[in-house]
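# Observations on the three-dimensional arrangement
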Amino acid sequence: MTIAIIGAGIAGAACAAALAEQGEQVVVFEKGRRAGGRMSSKRTEHGYLDLGAQYFTARDPAFQAQCQQWLSSGIVTHWYGRLAQATADGLQVSPDETLRYIGMPSMQAPVTRLLGNVDVSLGRQIDNILFDGQLWQLQSNGVSAGRFNKLILAIPQQQAAALLSPALLSNPELSQIFALPALLPCWAVNVQLEQPLWPYDGIFFKQDSQLSWAARQGSKPGRCNAGHWLLHFTAAFSQQHLEADGDTIAQHAMQALQRLTDKTVAGQVSHYHRWRFAQQNPDYPVQGAVHLPELALGLAGDWLNGGRVENAWLSGRQLAQSILA
Ligand code: FAD
Ligand code: NAI
């Protein structure tokens, strides 16, 4: 069986690895120059900067075993950040026992490792898909990318909807899956500060109208030096300012830091990234993965399984198991 997977994030990679392990002929198409998707560290002159996922945790035994394997081969390491939370009562230290992982040397590393024995076509955006009742035909930039027995979409929900034809989207099972937006946006901003800001490495903002997270990149092994703080804006703020330009968001970031610390903050924004499809809509139902054998179609991704890196990996594996059954 020939299988095309669109998307080389951790869901597509986990699915591809499990299928290839069983001898299936898999090709993964990825529009980016690197695999990883939202597990994304940017290489800067100061070291790697995690612009997407900040860390991941493992609750499911299968993913715990996978992390253990990555740990022993140096693909991931632990991040022991000193954590705090900001509430209406102010900022308090908030230690916990959770084991948190980061990719080494960058967040992409686990995804690249999963794809080690898989045929991956990078820099190849699939912009047209057609099912003739037996085979899926894929096109990239007006040129055929091949015909396959099965197609797996391992891309964010809203990007999958844009690829599927109106006829397919009216299929009763699919129409339900696409009825409610699954992923909400997130503006990520990196600020390079001239003085220490907080005596912590990661802060969960519980009630702030603008920020949801701040992390000192220098506290993570192999990342940018101490002055770099990566900020995430809330889904509501990011939605409201989705089409704002980066400089405006940078100003909001500096003002938010001054407001939250109640002091003049010396520093500058070095990077920003608008993630249009970033974090789980809490109202979207958890479904694991979707396999429609009659359409030779599968869907996987964090958005089908509750968000988070672990859930994306589990979704990809679940789809592979369903196809192999
Ligand atoms: P993606 O990583 O989005 O992969 C999809 C891939 O498909 C992408 O590489 C994309 O380029 C490609 N693609 C899309 N369309 C096409 C096309 N037409 N043709 C070819 N390729 C295509 N999770 C955590 O567990 N911990 C965190 O701390 C955390 N923080 C986050 C912070 C931010 C700012 C963001 C954005 C996400 C964060 N997440 C976090 C979520 C985590 O990154 C995701 O759950 C996970 O990486 C999703 O993996 P995925 O494979 O489902 O999708
Ligand atoms: P986790 O178990 O560390 O965190 C889950 C949630 O528990 C946190 O969001 C936070 O609200 C709370 N929490 C955890 N430790 C805490 C502490 N010491 N003090 C106070 N609150 C604490 O990690 P998990 O479940 O793997 O989630 C990943 C993280 O990624 C979450 O923080 C999530 O919000 C974030 N995320 C952000 C996205 C974005 O677009 N900004 C997208 C997807 C995930």
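Before reading further, recall that the structure is shown in the block above.
Criteria and thresholds
Residues numbered from 1 in each chain as written. Chains lettered and ligands numbered in written order. Predicted model: local features only at pLDDT ≥ 70, side-chain atom pairs only at ≥ 80, totals over all residues. Heavy atoms only, no water. Near = heavy atom within 4 Å. Polar contact = N/O pair within 3.5 Å; in protein donor to acceptor, adjacent residues only side chain to side chain. Areas by Shrake-Rupley, 256 points an atom, 1.4 Å probe, with all protein chains shown as cover. Helix = DSSP H or I, 4+ residues; strand = E, 2+ residues; numbered from the N terminus. Nonpolar A, V, L, I, M, F, W, Y, C, P; charged D, E, K, R; others polar. Phe/Tyr/Trp six-rings, centres within 6.5 Å; stacked < 30°, edge-to-face > 60°. Buried < 20%, exposed > 50% of the residue type's maximum accessible area, 1.4 Å probe, protein only. Lys NZ or Arg CZ within 6 Å of the ring centre and 35° of its normal. Salt bridge = Lys/Arg side-chain N within 4 Å of Asp/Glu carboxyl O. Contact = heavy atoms within 4.5 Å. Patch = residues over 30% accessible without salt bridge, like charges linked within 9 Å, V, L, I, M, F, W, Y side chains within 5 Å. Lys, Arg positive; Asp, Glu negative; His and termini not counted. Charge placed at Lys NZ, Arg CZ, Asp CG, Glu CD. Pairing = 2+ DSSP bridges. Axes fitted to C-alpha atoms, helices over the stretch in contact; angles between N-to-C directions. Parallel < 35°, antiparallel > 145°, perpendicular 65-115°, else oblique.

What surrounds ligand 2 is a group of 15 residues, the closest being Tyr55, Thr57, Arg59, Ser94 and Asp96. Contact distances for ligand 2 include 3.5 Å between a nitrogen atom and a side-chain N or O atom of His232. If ligand 2 stood free it would expose 780 Å²; the protein chains cover 68% of that surface. Of all elements in the fold, only strand E6 (83–87) and strand E18 (267–280) reach the threshold of two or more residues within the shell around ligand 2. Residue classes in the shell around ligand 2 are distributed as five nonpolar, five polar and five charged.

A separate point is the site of ligand 1. Among the 35 residues in the neighbourhood of ligand 1, the closest are listed as Glu30, Arg38, Tyr55, Asp302 and Val309. In the model, a nitrogen atom of ligand 1 is placed 2.6 Å from a nitrogen or oxygen of the Tyr55 main chain. Taking Asp302, its side chain carries an N or O atom lying 2.8 Å from an oxygen atom of ligand 1. Listed by contribution, the elements that provide at least two residues to the shell around ligand 1 are helix H1 (10–21), E18 and helix H9 (309–324). Classifying every residue of the shell around ligand 1 by side-chain character gives 19 nonpolar, ten polar and six charged.

Here the focus is the packing of aromatic side chains. All chains considered together, the criterion is met by 17 aromatic pairs. Relative to Trp303, the ring of Tyr284 has its centre 6.1 Å away and its plane inclined at 55 degrees; by these criteria the two rings are tilted. Of this pair, Tyr284 sits in the loop between E18 and strand E19 (290–292) while Trp303 sits in the loop between strand E20 (297–299) and H9; the two residues are 19 residues apart in sequence, bridging distant segments of the chain. In terms of burial, Tyr284 and Trp303 fall into one category: buried. Taken together through their ring pairs, the aromatic side chains of Phe56, Phe63, Trp70, Tyr101 and Trp313 make up a single cluster. Directly above the aromatic system of Tyr55 lies the positively charged group of Arg100, at a separation of 5.2 Å from the ring centroid. The residue whose ring lies beneath Lys220 is Trp79, and the NZ or CZ to ring-centre distance is 5.4 Å.

Counted under the stated rule, the structure contains ten salt bridges. Of the charged contacts, one joins Arg147 and Asp132 as a salt bridge, the two residues approaching to 3.6 Å between their closest N and O atoms. Of this pair, Arg147 sits in strand E12 (residues 143–148) while Asp132 sits in the loop between strand E10 (128–131) and strand E11 (136–140), placing them 15 residues apart in sequence. On the basis of relative accessibility, which here comes to 47%, the residue Arg147 falls in the partly exposed class. Judged by relative accessible area, which is 47%, Asp132 ranks as partly exposed. A network of salt bridges, in which partner residues are shared, links Asp50, Lys220 and Arg223.

Another aspect to go through is the side chain of Gln210. Among the structural elements, Gln210 can be located in the loop between strand E15 (202–205) and strand E16 (211–216). Only 3.0 Å separates the side chain of Gln210 from the side chain of Arg259, close enough to count as a polar contact. Setting aside residues no more than four positions away along its own chain, Gln210 makes contact with His232, Phe233, Thr234, Phe237, His252, Ala256 and Arg259.

Here we take up a positive patch on the surface. A cluster of basic side chains, namely Arg33, Arg34, Lys42 and Arg43, defines a positive patch on the protein surface. For Arg43, a relative accessible area of 65% translates into the label exposed.

This brings us to the pairing of E12. With five bridges joining them, E11 and E12 adopt antiparallel strand pairing. Along E12, the bridge assignment pairs Gln139 with Ser144.

Our next topic: the sheet that holds strand E9 (residues 119–121). What the six strands build is an open sheet, ordered E9-E2-E1-E13-E20-E19; its pairing is mixed. Edge positions in the sheet fall to E9 and E19, since each of these pairs with one other strand and no more. The mean inter-strand angle of the sheet, taken between neighbouring strand axes irrespective of direction, is 15 degrees. Contacts from H1 reach strand E1 (2–6), strand E2 (25–29) and strand E13 (150–153) within the one sheet, and its direction differs from that of E1 by about 165 degrees. Against the sheet, H9 contacts E13, E19 and E20, and its axis sits at roughly 25 degrees relative to E19.

Our focus in this paragraph is the packing of helix H2 (residues 61–72) against H9. As a packed pair, H2 and H9 sit with axes 10 Å apart at the nearest point and diverge in direction by 105 degrees. With respect to each other, H2 and H9 are oriented roughly perpendicular. Facing H2, whose interface residues are Ala62, Phe63, Gln66 and Trp70, H9 presents Val309, Glu310, Trp313 and Arg317.

Attention now moves to the sheet that holds E11. Pairing within the open sheet is antiparallel, and its three strands lie in the order E10-E11-E12. Only two strands of the sheet have a single partner each, and these edge strands are E10 and E12. Within the sheet, the average angular offset between the axes of one strand and its neighbour, ignoring direction, is 20 degrees.

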